[in-house]
Number of protein chains: 2
Amino acid sequence: MVFQIDFKAGKPVYLQLVDQVRRAAASGVLRPGEALPSIRPLAEALRINRNTVAKAYSELESQGVIETVLGKGSFLTNGGSPFAKSVRDKLLIAEVDQAVVAAHHMNVDRESFLALVGERLDHFERKLVESQKP
Amino acid sequence: MVFQIDFKAGKPVYLQLVDQVRRAAASGVLRPGEALPSIRPLAEALRINRNTVAKAYSELESQGVIETVLGKGSFLTNGGSPFAKSVRDKLLIAEVDQAVVAAHHMNVDRESFLALVGERLDHFERKLVESQKP
DNA sequence: CCTACTGTCATAGTAACATATGACAGTAGG
DNA sequence: CCTACTGTCATATGTTACTATGACAGTAGG
């Protein structure tokens, strides 16, 4: 698992890490129960501070993506966020709406947009299958 | 046009305004050429600072959503963002990916997700039609 | 011209983010 | 037990993002 930090991205570093771990989990690159890189080595590899990685992991734990045990490490949960369904639905709708608004504003028509969504779904499904082969 | 600010949303106030104006533009609630609320009255109505509104409008102008004339006001452009197509595509893909990852992570399957996307497209198309009637 | 509106700029204070460092606590293996 | 690994906490520091305040500049109409 290789992570990548962009300092001039405008987005907070710790949130970049959160997103990438979530993506790795969603695409199957990281599997349930699997251990994440430990804080100190990962911080060194990414050239960022221990506390920044710790903050990202802490955020991921509060989102229910990982579980962390003092002295042992952090591990992917077997899936299923801790959010109530209604809350999750609202979050998902908000995400979808943002993409839909962006498409509208860029004059992307319905068919093109649905095609793009299909493409991206395929893209992640492909990564998921690949990661389960070897 | 009524805007709504949530101070405990975690998201910067000026970006909340940007999103809402973009949504209003995308859904047709605001039409090309139409004047936006002027900075000071809007700031007062929303109980936020004039400069916060000004910053939102400035951001919207740099995104090509509105045009603003000193002493006259700010107006919706007749559409078409100033971004090059490739840049726009990357932005749109990033938006879509974020929604797709969220869906994956919430164990929402492909069909349900596509159904949701269709729903939200309908939702905005409906608002667009409604706003063009009267 | 003057007043009332428009947006704009300069400045300053507060909060968030990231880093750096040191100390502490639990776990595993020699 | 001791050492080396894990995560956690507290504190300090610098930078940047955000918000707030007041002064400035262009426009329109009486």
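Computed from a predicted model, the values in this text were never measured in an experiment.

Now for the side chain of R22(A). Mapped onto the elements, R22(A) comes out in helix α1 (residues 13-26). Summary of buried charges: R22(A) has no salt-bridge partner, and the nearest side chain of opposite charge, D19(A), is 5.5 Å away. Side chain to side chain, R22(A) and Q63(A) meet in a polar contact 2.5 Å long. When sequence neighbours within four positions are dropped, the list of residues in contact with R22(A) reads L60(A), Q63(A), V65(A), V101(B), A102(B) and H105(B).

Both copies of the chain are placed relative to one another by a rotation about an axis and a shift along it. When chain B is fitted onto chain A, the two copies agree to an RMSD of 0.2 Å after a turn of 179° and an axial shift of 0.1 Å. When the rotation and shift are considered jointly, the pair of chain copies conforms to a two-fold rotation axis. With an isologous cut-off of 70% or more, the 97% of interface residues of chain B that recur at the interface of chain A puts this contact in the isologous class.

It is worth spelling out the interface of chain B and chain A at this point. Each partner contributes to the interface: chain B provides 37 residues, whereas chain A provides 36 residues. Each partner contributes to the roughly 4000 Å² buried at the junction of chain B and chain A, and carbon and sulfur atoms together form 68% of this total. Summed over the three residues of chain B that lose the most area to chain A, namely H105(B), M106(B) and R110(B), the buried surface amounts to 17% of that side. Across the chain B-chain A interface, the total number found is 8 salt bridges. Between R110(A) and D122(B) there is a salt bridge whose closest N-O contact spans 3.0 Å. In this structure, the connection of chain B to chain A is made through 7 residue pairs in polar contact (both at pLDDT 80 or more). Within the residue set of the side of chain B that touches chain A, elements represented by two or more residues are α1 (13-27), α4 (85-105) and α5 (110-132) of chain B. By residue number, the principal contributor to the side of chain B that touches chain A is α4(B), which donates 16 residues.

The subject of this paragraph is the nonpolar core. Core analysis: the largest hydrophobic core is formed by 28 residues, its most contacted members being L92(A), V96(A), F113(A), L92(B), V96(B) and F113(B). Counting only elements with at least two residues in this core, the list comes to α4 (85-105) and α5 (110-132) of chain A together with α4 and α5 of chain B. The contact partners of L92(A), leaving out residues within four places of it in the chain, are A99(B), A102(B), A103(B), M106(B), V108(B), F113(B) and L116(B).

The next thing to look at is the protein's contact with DNA strand D. Around DNA strand D sit 21 residues, and of these S38(A), R40(A), V13(B), N49(B) and N51(B) come closest. Among atoms of DNA strand D positioned within 4 Å of the protein, sugar and phosphate together represent 63%. Of all the secondary-structure elements, those providing two or more residues to the surface near DNA strand D are α2 (39-46) and β1 (66-69) of chain A together with α1 and α3 (50-62) of chain B. When grouped by side-chain class, the residues that make up the surface near DNA strand D number 8 nonpolar, 9 polar and 4 charged.

A separate point is the domain arrangement of chain A. All names here are of chain A. The domain boundaries assigned to chain A delineate domain 1 (13-76) and domain 2 (85-132). Taken over C-alpha atoms, the centre of domain 1 sits 24 Å from the centre of domain 2. Contact residues are listed per partner, giving 6 residues for domain 1 and 5 residues for domain 2. Summed over both partners, the interface of domain 1 with domain 2 buries about 450 Å², with 59% contributed by carbon and sulfur atoms. For domain 1, the biggest contributors to the area lost against domain 2 are R23, S27 and R31; these three give 68% of the whole. The interface formed by domain 1 and domain 2 contains 0 salt bridges. Applying the counting rule to domain 1 against domain 2 returns 1 residue pair in polar contact (both at pLDDT 80 or more). Across the side of domain 1 that touches domain 2, the residue classes break down as 2 nonpolar, 2 polar and 2 charged.

Moving on, we get to the packing of aromatic side chains. Per the counting criterion, the structure on display carries 0 aromatic pairs over all chains. The lysine or arginine in question, K55(A), covers the ring of Y14(A), its NZ or CZ lying 4.5 Å from the ring centre.

In the vicinity of DNA strand C, 25 residues are found, and the nearest of them are V13(A), N51(A), T52(A), S38(B) and R40(B). For DNA strand C, the fraction of atoms within 4 Å of the protein that belong to sugar or phosphate moieties is 58%. Within the side chain of K72(A), a nitrogen or oxygen atom sits 3.4 Å from a phosphate oxygen of DNA strand C. Of all the elements in the fold, those that place two or more residues in the surface near DNA strand C are α1 and α3 (50-62) of chain A together with α2 (39-46), β1 (66-69) and β2 (73-76) of chain B. It is α3(A) that contributes the most residues to the surface near DNA strand C, 4 residues altogether. Residues that form the surface near DNA strand C fall into these classes: 10 nonpolar, 10 polar and 5 charged.

We now examine the environment of S62(A). Residue and element names in this part refer to chain A. Within the fold, S62 resides in helix α3. S62 sits 57 residues away from E119 along the chain, and the two C-alpha atoms are 31 Å apart. In this structure the side chain of S62 is engaged in a polar contact, spanning 2.9 Å, whose partner is the backbone oxygen of E59.

Conventions we followed
- Residues numbered from 1 in each chain as written.
- Chains lettered and ligands numbered in written order.
- Predicted model: local features only at pLDDT ≥ 70, side-chain atom pairs only at ≥ 80, totals over all residues.
- Heavy atoms only, no water.
- Helix = DSSP H or I, 4+ residues; strand = E, 2+ residues; numbered from the N terminus.
- Buried < 20%, exposed > 50% of the residue type's maximum accessible area, 1.4 Å probe, protein only.
- Lys, Arg positive; Asp, Glu negative; His and termini not counted.
- Salt bridge = Lys/Arg side-chain N within 4 Å of Asp/Glu carboxyl O.
- Polar contact = N/O pair within 3.5 Å; in protein donor to acceptor, adjacent residues only side chain to side chain.
- Contact = heavy atoms within 4.5 Å.
- Least-squares fit on C-alpha atoms with pLDDT ≥ 70 in both.
- Buried area = accessible area lost by both parts, 1.4 Å probe.
- Core = buried A, V, L, I, M, F, W, Y, C linked by side-chain atoms within 4.5 Å.
- Near = heavy atom within 4 Å.
- Nonpolar A, V, L, I, M, F, W, Y, C, P; charged D, E, K, R; others polar.
- Domains from an automatic or database assignment.
- Phe/Tyr/Trp six-rings, centres within 6.5 Å; stacked < 30°, edge-to-face > 60°.
- Lys NZ or Arg CZ within 6 Å of the ring centre and 35° of its normal.

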